[in-house]
There are 2 protein chains.
Amino acid sequence: MELKEAKEKFIAAWGAFGTQWGINRTMAQIHALLLISEEPLSSEEIMNQLNISRGNVNMNVRELLSWGIVHKVLKLGERKEFFTAEKDIYKTAIQIMKERRKRELVPVLDLLADLEEVQIENDASGHFKMVMSEIYSFGQNTNKMLDKMVKADEHWFTGSLMKFLVKR
Amino acid sequence: MELKEAKEKFIAAWGAFGTQWGINRTMAQIHALLLISEEPLSSEEIMNQLNISRGNVNMNVRELLSWGIVHKVLKLGERKEFFTAEKDIYKTAIQIMKERRKRELVPVLDLLADLEEVQIENDASGHFKMVMSEIYSFGQNTNKMLDKMVKADEHWFTGSLMKFLVKR
DNA sequence: TTAAACTTTCAGAAAATTTTGAAAGTTTAA
DNA sequence: TTAAACTTTCAAAATTTTCTGAAAGTTTAA
């Protein structure tokens, strides 16, 4: 396989997977492109390589920055901003966990805490409370687990946690 | 808070979260409704409670069945099919992990295995191969980890794994 | 059989999301 | 200053996803 062909395959596939993972195609493609680009790229270069508009690049790069998996790079003597993806895949994974925890898990826990205040009126509300409290306690455990993972040193994944999980 | 109000809040919220989790609103709402319904519900009842069409119910219930987190229930002496959600939230979580592993992780690993076959032509392809192999090895580790989780007894989450993750 | 009860399908409509590109805004060099 | 280089915004257009509901298909009881 040629390098160019392989790169194109990777970008296309990462984009398609992205939509399954709940992020949009272009955002995933930009991420893929930056991952395989050794040097940081400018908006212009991203536009050209992926054949997308300036606005689209701007919007999705900002989103990737907000996820903390793409960084802004300033080159000496250049006006333009350049962008590069975090190349350490473990750091990237941790960063994504962190963000998803914040954006998705925490709001669910807040909701469940609220809903547990429902009055027990009859058997039906007994069932409801039980479901809420099961989900809540599961969510709290997951939350704690993610917290440990995120706070652990950056090589937790290859360290004792990974050994515990994989080797036993 | 009234039970009815709390139920509506839960269904609405679960639906909204669902879209963030990468599944569609209605599918998540049906799941929420079935979770808090003590008795299995028919398509008719789901239609009425969520104000959605017959086709929509059929499609999304089938999807939930294919995820293995909703089950078909036949009542003696009834023609209709009824549906109920898996109430054990740990089982549900494991089932979702299993499916996501199959649908999302395995295809990525297959792709990466392919792409690692790219020829080393120059420094640029060296970088590409390195990124591919890092992602591949991360994916394999994740895969093994999920495999252990899925194969562990159904209370892994509250058992030694959870203790290891949370208590240390 | 047959017809009522129920489930599935799917083309078109509706809704939601994503993308474009031109205009407005900002920064910097001279 | 100012004007070129660059970034951001956002309304409208394009695309994708989801939903509807009527028609077709299937199952069951009698």
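Preceding this paragraph is the structure being described.
What you see is a predicted model, and the numbers here were worked out from it, not measured in a lab.

Caption draft 1: Quick look at the protein's contact with DNA strand C. Taken together, 17 residues surround DNA strand C, and among them Thr26, Ser53 and Arg79 of chain A together with Asn58 and Arg79 of chain B come closest. Among the atoms of DNA strand C lying within 4 Å of the protein, the sugar-phosphate backbone contributes 64%. Between Thr26 of chain A and DNA strand C, the recorded distance is 2.4 Å, taken from a side-chain N or O atom to a phosphate oxygen. The contact in question runs from a phosphate oxygen of DNA strand C to an N or O atom on the side chain of Arg62 of chain B, over 3.3 Å. Mapped by element, the contributors of at least two residues to the surface near DNA strand C are helix H4 (54-67) of chain A together with helix H4 (54-67) of chain B. Its residues assigned to classes, the surface near DNA strand C comprises two nonpolar, nine polar and six charged.

Caption draft 2: Inspection of the protein's contact with DNA strand D at higher detail. The environment of DNA strand D is formed by 16 residues, the closest being Asn58 and Arg79 of chain A together with Thr26, Ser53 and Arg79 of chain B. For DNA strand D, the backbone portion of the atoms within 4 Å of the protein, that is sugar and phosphate, comes to 64%. One nitrogen or oxygen atom from the side chain of Asn58 of chain A is found 2.3 Å from a phosphate oxygen belonging to DNA strand D. At 3.3 Å from a phosphate oxygen of DNA strand D is found a side-chain nitrogen or oxygen belonging to Arg62 of chain A. For the surface near DNA strand D, the secondary-structure elements that each account for two or more residues are H4 of chain A together with H4 of chain B. Counting residues per element, the surface near DNA strand D draws most heavily on H4 of chain A, which supplies four residues. Looking at the surface near DNA strand D residue by residue, the class counts come to one nonpolar, nine polar and six charged.

Caption draft 3: Quick look at the sheet that holds strand E1 (residues 41-42) of chain B. Residue and element names in this part refer to chain B. Taken in spatial order, the three strands make up an open sheet running E1-E3-E2, and their pairing is antiparallel. Each of the sheet's edge strands pairs with one partner strand only, and the pair in question is E1 and strand E2 (70-74). The sheet contact formed by E2 and strand E3 (residues 81-85) spans five bridges and is antiparallel. Across the sheet, residue His71 finds its bridge partner in E3, namely Thr84. Here H4 sits on the sheet in contact with E2 and E3, set at roughly 110 degrees to E2.

Caption draft 4: Expanded view of helix H5 (residues 89-115) of chain B. All names here are of chain B. Counted at 1.5 Å a residue, the expected span for H5 with its 27 residues is 39 Å, and the 38 Å between its end C-alpha atoms agrees. Residue Arg101 marks the point of greatest curvature in H5, where the axis turns by about 40 degrees. Capping of H5 at its N-terminal end is provided by Asp88; its side-chain oxygen lies 2.8 Å from the backbone amide nitrogen of Tyr90.

Caption draft 5: A look at the pairing of E3 of chain B. Taking burial as the measure, the five residues of E3 of chain B include four buried ones, the bulk of the element. Between E2 of chain B and E3 of chain B, which pair antiparallel in sequence order, lie six residues; one of them, Gly77 of chain B, sits at a positive phi of approximately 80 degrees.

Caption draft 6: Summary view of the nonpolar core. Within the largest apolar cluster, 48 residues are counted, with the highest numbers of intra-cluster contacts made by Phe10, Ile30, Leu34 and Ile46 of chain A together with Phe128, Met132 and Ile135 of chain B. Secondary structure elements with two or more residues in this core: helix H1 (3-21), helix H2 (25-36), helix H3 (43-50), H4, strand E3 (81-85) and helix H5 (89-115) of chain A together with H5 and helix H6 (123-151) of chain B. The contact partners of Ile135 of chain B, leaving out residues within four places of it in the chain, are Phe10, Trp14, Leu35 and Ile89 of chain A together with Leu112 of chain B. Residues Leu112 and Tyr136 of chain A together with Met47 and Ile52 of chain B belong to the second largest nonpolar core, which totals 47 residues.

Caption draft 7: Spatial organisation of the packing of H2 of chain A against H3 of chain A. Residue and element names in this part refer to chain A. Relative to each other, H2 and H3 sit at 110 degrees, their axes nearing to 11 Å. Taken as axis vectors, H2 and H3 run roughly perpendicular relative to one another. For the pair H2 and H3, contact is made by Gln29, Ile30, Leu33 and Leu34 and by Ile46, Gln49 and Leu50, respectively. Grouping the constituent residues of the contact of H2 with H3 by class yields five nonpolar, two polar and no charged.

Caption draft 8: Focus on unusual backbone geometry. Unlike most non-glycine residues, Asn51 of chain A shows phi in positive territory, near 60 degrees. Note on placement: Asn51 of chain A falls in the loop between H3 and H4.

Here is what the cut-offs are and how they apply
- Residues numbered from 1 in each chain as written.
- Chains lettered and ligands numbered in written order.
- Predicted model: local features only at pLDDT ≥ 70, side-chain atom pairs only at ≥ 80, totals over all residues.
- Heavy atoms only, no water.
- Near = heavy atom within 4 Å.
- Polar contact = N/O pair within 3.5 Å; in protein donor to acceptor, adjacent residues only side chain to side chain.
- Helix = DSSP H or I, 4+ residues; strand = E, 2+ residues; numbered from the N terminus.
- Nonpolar A, V, L, I, M, F, W, Y, C, P; charged D, E, K, R; others polar.
- Pairing = 2+ DSSP bridges.
- Contact = heavy atoms within 4.5 Å.
- Axes fitted to C-alpha atoms, helices over the stretch in contact; angles between N-to-C directions.
- Expected span 1.5 Å × (residues − 1).
- Bend = angle between axes of the 7 residues up to and from the residue.
- Buried < 20%, exposed > 50% of the residue type's maximum accessible area, 1.4 Å probe, protein only.
- Core = buried A, V, L, I, M, F, W, Y, C linked by side-chain atoms within 4.5 Å.
- Parallel < 35°, antiparallel > 145°, perpendicular 65-115°, else oblique.

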